[in-house]
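Examining the three-dimensional arrangement
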Amino acid sequence: VDAAGGDKQWMAIDRSGGVGNGNIYSFWTLGFSSCSPGHFVRSATGGNSYEPCLPITGEPALGTMAVGKNGELYIAGVGNSNDSLSIVKSVNSQTPGSSVIWNQSVNVFVDGYLNGFFGVNPAGLYGQVNVDVDRSNGPNANNVYIMASISRFSNFDPADVIFVRSSDGGLTWSSPVVVNDDISTSNTQWFATMGVAPNGRIDAIWLDTRLDLSGLDYSA
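This structure is a prediction, so every number in the text was calculated from the model and none was measured.

Now for the state of the cysteines. Simply put, disulfide is the name for a covalent bond between the sulfur atoms of two cysteines. As enumerated under the stated definition, the model contains 1 disulfide in all. Each disulfide pairs two cysteine sulfurs, and for cysteine 35 the partner residue is cysteine 53, the sulfurs being separated by 2.2 Å. Here the disulfide of cysteine 35 and cysteine 53 is right-handed, its torsion about the S-S bond being about 50°. In this pair, cysteine 35 sits in the loop between β2 (24-27) and β3 (40-43) while cysteine 53 sits in the loop between β3 and β4 (61-67), placing the two residues 18 residues apart along the sequence. A relative accessible area of 22% places cysteine 53 in the partly exposed class.

In structure tokens, the structure reads:
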């Protein structure tokens with residue numbers, strides 16, 4: 001089955017139990033797309049067929065996607081601003097056969113940028129932009145979270161694990177929080193990744209150079 005695609009491709013499956021339950025979504029970086037100017041596809045047939053490739057408002061790149069508790073779809077990635085990431089949302093993508101409508105692309109300030117191709121990873125990125133949603137029935141239900149390894153503007157740290165939160169469906173965002181407890185500005189915390197557990201707990205993991213004084217063991 002031809003599902004189109006390109007470099008840095010990511011997918012998500014709707015498990016909300018709503019009208020889009022079982023939908024498969026996929027997006028990738030536009031500059032490497034096999035169906036430019038589109039870089040998003042949807043399957044409402046369990047992967048047996050895919051709809052035509054579509055563009056995404058704001059053209060987020062190098063990111064991931066997540067389906068919320070009510071079937072809404074979030075895509076986060078690198079945007080056009082030097083110190084911000086970008087996120088878009090679709091509420092109707094869950095409806096099979098609908099013309100997918102994206103809300104306006106929102107810039108998310110993270111005090112830096114996604115880096116790579118030198119230092120700890122001379123052949124690739126320091127990570128991708130991670131997005132996830134609290135699907136629990138707890139007090140933080142429907143919160144949207146973004147995490148990434150970010151090269152900082154304020155202190156010139158090569159990469160810190162930066163976390164931001166939205167409690168209004170991705171419209172506004174908290175100030176960036178540094179997750180790693182390393183006070184040095186010379187170590188690299190890279191490949192940061194997170195997931196939200198069924199009870200709303202947020203788990204994060206990353207690679208860290210702080211334990212190797214020679215700077216050679218990049219997976220310490």
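An order of β4-β5-β6-β7 is seen for the 4 strands of this open sheet, with the pairing classed as antiparallel. In the strand order of this sheet, the two ends are held by β4 and β7 (106-109), each with one partner. Sheet twist, expressed as the average angle between the axes of neighbouring strands with direction ignored, equals 25°. Here 4 bridges tie strand β6 (residues 84-90) to β7, and the two strands are oriented antiparallel to one another. Residue pairing across strands places isoleucine 87 opposite valine 106, the latter belonging to β7.

What follows is about the nonpolar core. Formed by 22 residues in total, the largest nonpolar core has its most connected members in Leu85, Ile87, Val108, Val131, Ile146 and Trp173. Those elements that provide at least two residues to this core are β4, β5 (73-78), β6, β7, β9 (130-133), β10 (144-152) and β11 (160-166). Each residue touching isoleucine 146, except ones within four places of it in the same chain, is listed here: Ala76, Leu85, Ile87, Val108, Val129, Asn130, Val131, Ile162, Phe163, Val164, Trp173 and Met194. With 12 residues, the next largest nonpolar core counts Phe27, Ile56, Leu73 and Val100 among its residues.

Conventions used here
- Numbering of residues starts from 1 in every chain and runs along the sequence as written.
- In view of the model being predicted, local features appear only for residues whose pLDDT reaches at least 70, and side-chain atom pairs are presented and counted only at 80 or more, with totals across whole chains, interfaces and linings using the full set of residues.
- Excluded from the side-chain calculation are hydrogens and water; included are all heavy atoms of the structure.
- Cysteine sulfur atoms that pair up within 2.5 Å are treated as a disulfide.
- Elements are defined by DSSP. Helices are runs of H or I of four residues or more, strands are runs of E of two residues or more, and each kind is numbered from the N terminus.
- Think of it in three bands: with a 1.4 Å probe and only protein chains considered, a residue is buried below 20% of the maximum accessible area for its type, exposed above 50%, and partly exposed in between.
- Here, any two strands with at least 2 DSSP bridges between them count as paired.
- Only the stretch in contact is used when fitting a helix axis, every axis being a line fitted to C-alpha atoms; angles between N-to-C directions are given from 0 to 180 degrees.
- Working definition of a nonpolar core: buried Ala, Val, Leu, Ile, Met, Phe, Trp, Tyr and Cys residues. They are joined through side-chain atoms within 4.5 Å.
- The contact rule is simple, with two residues in contact once any of their heavy atoms fall within 4.5 Å.

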